[in-house]
Amino acid sequence: MTVPAIILTVVLAVLGMEAFAWWAHKYIMHGWGWGWHRDHHEPHDNVFEKNDLYAVTFGTIVFFLFLIGYLYSEALWWAALGITLYGLIYTVIHDGLVHQRYFRWVPKRGYAKRLVQAHKLHHATVGKEGGVSFGFVFAADPAQLKAELKRQREAGIALVRDSAGA
Ligand SMILES: [Zn+2]
Ligand SMILES: [Zn+2]
């Protein structure tokens, strides 16, 4: 593959993963897969969550993508690299920046602050119904998200915590 083709494949894989993550989070993790995701939405003192099984599952799938790519398709190998990059970006933002599982830094301004706010608002709903901000890297304006939470609460779609300010 040429260098531009490689770069394009990796970038598309990273962007595609944000779309896939949004979809999987909304329709699998908050759908039939809620059993594994639930403890991520409930307070606890454990180091690990059942929700981490999703990371293990996706990691295993990516391992096989690398393997199949290595044997049969260079493009698939580079796509697997893009997926891995997304996984790293995701874990730094979600597990690190937002949930402070391995570092503590509270951004005071800018896009990093918006990322934290947007995901905290994802955690503003109780249970699997409704909710906002299922993606991780592209964060909407928190004011918009609060308005949407307010709409969901009034429509009886979701149970929203009062701390959300919605
Ligand atoms: Zn969730
Ligand atoms: Zn979270």
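Keep in mind that this is a model prediction, so the values were computed, not measured.

A.B. asks: I'm lost on the coordination of the zinc ion (ligand 1) in this one. Help?
C.D. replies: When four donors bind a metal tetrahedrally, each ideal donor-metal-donor angle is 109.5 degrees, and when six bind octahedrally, the ideal angles are 90 or 180 degrees. Bound to the zinc ion (ligand 1) are the protein donor atoms H25 (NE2), H30 (NE2), H37 (NE2), H41 (NE2) and H122 (NE2), situated 2.1 to 2.3 Å from the metal. As a motif over one chain, the donors of the zinc ion (ligand 1) read H-x4-H-x6-H-x3-H-x80-H. A relative accessible area of 2% means that H37 is categorised as buried.

A.B. asks: Is there a simple way to explain the coordination of the zinc ion (ligand 2) in this structure?
C.D. replies: Around the zinc ion (ligand 2), the donor atoms from the protein are H40 (NE2), H94 (NE2), H99 (NE2), H119 (NE2) and H123 (NE2), and they sit 2.0 to 2.3 Å away. In primary sequence terms, the donor set of the zinc ion (ligand 2) follows H-x53-H-x4-H-x19-H-x3-H. For H94, a relative accessible area of 3% translates into the label buried. Residue class for H99 comes out partly exposed when judged on its relative accessible area of 27%.

A.B. asks: What am I meant to see in the side chain of N51 here?
C.D. replies: Residue position: N51 is located in the loop between α2 (34-37) and α3 (52-72). Leave out the neighbours within four places in its chain, and N51 touches M29, W36, H37, D39 and H40.

A.B. asks: Teacher, can you tell me more about the pattern of salt bridges here?
C.D. replies: Note that side chains of opposite charge can pair when their charged atoms are close. Counted under the stated rule, the structure contains 6 salt bridges. In this structure, R38 and E42 form a salt bridge, with 2.9 Å as the shortest nitrogen-oxygen distance. Its salt-bridge partner being K128, residue E129 comes within 3.8 Å of it at the nearest N-O pair. Judged by relative accessible area, E129 falls into the partly exposed class, the value being 47%.

A.B. asks: Looking at this structure, I do not really get the side chain of H123. What am I missing?
C.D. replies: Of note, H123 is situated in the loop between α5 (110-122) and β1 (125-126). Separated by 3.1 Å, the side chains of H123 and H40 make a polar contact. Engagement of the side chain of H123 in a polar contact is seen with the side chain of H99, the distance being 3.1 Å. Those residues in contact with H123 that lie beyond four places of it in its chain are H40, H41, H94, H99 and R161.

A.B. asks: Is there a simple way to think about a nonpolar patch on the surface in this case?
C.D. replies: Together, F63, F64, L67, I68, Y70, L71 and Y72 line one region of the surface with nonpolar side chains, adding up to about 850 Å² of accessible area. Of note, L67 is situated in helix α3. On the basis of relative accessible area, L67 is assigned to the partly exposed category, the value being 39%.

Quick notes on the rules
Residues numbered from 1 in each chain as written. Chains lettered and ligands numbered in written order. Predicted model: local features only at pLDDT ≥ 70, side-chain atom pairs only at ≥ 80, totals over all residues. Heavy atoms only, no water. Donors = N, O, S within 2.8 Å, 3.2 Å for Na, K, Ca; no water. Buried < 20%, exposed > 50% of the residue type's maximum accessible area, 1.4 Å probe, protein only. Helix = DSSP H or I, 4+ residues; strand = E, 2+ residues; numbered from the N terminus. Contact = heavy atoms within 4.5 Å. Salt bridge = Lys/Arg side-chain N within 4 Å of Asp/Glu carboxyl O. Polar contact = N/O pair within 3.5 Å; in protein donor to acceptor, adjacent residues only side chain to side chain. Patch = residues over 30% accessible without salt bridge, like charges linked within 9 Å, V, L, I, M, F, W, Y side chains within 5 Å. Areas by Shrake-Rupley, 256 points an atom, 1.4 Å probe, with all protein chains shown as cover.

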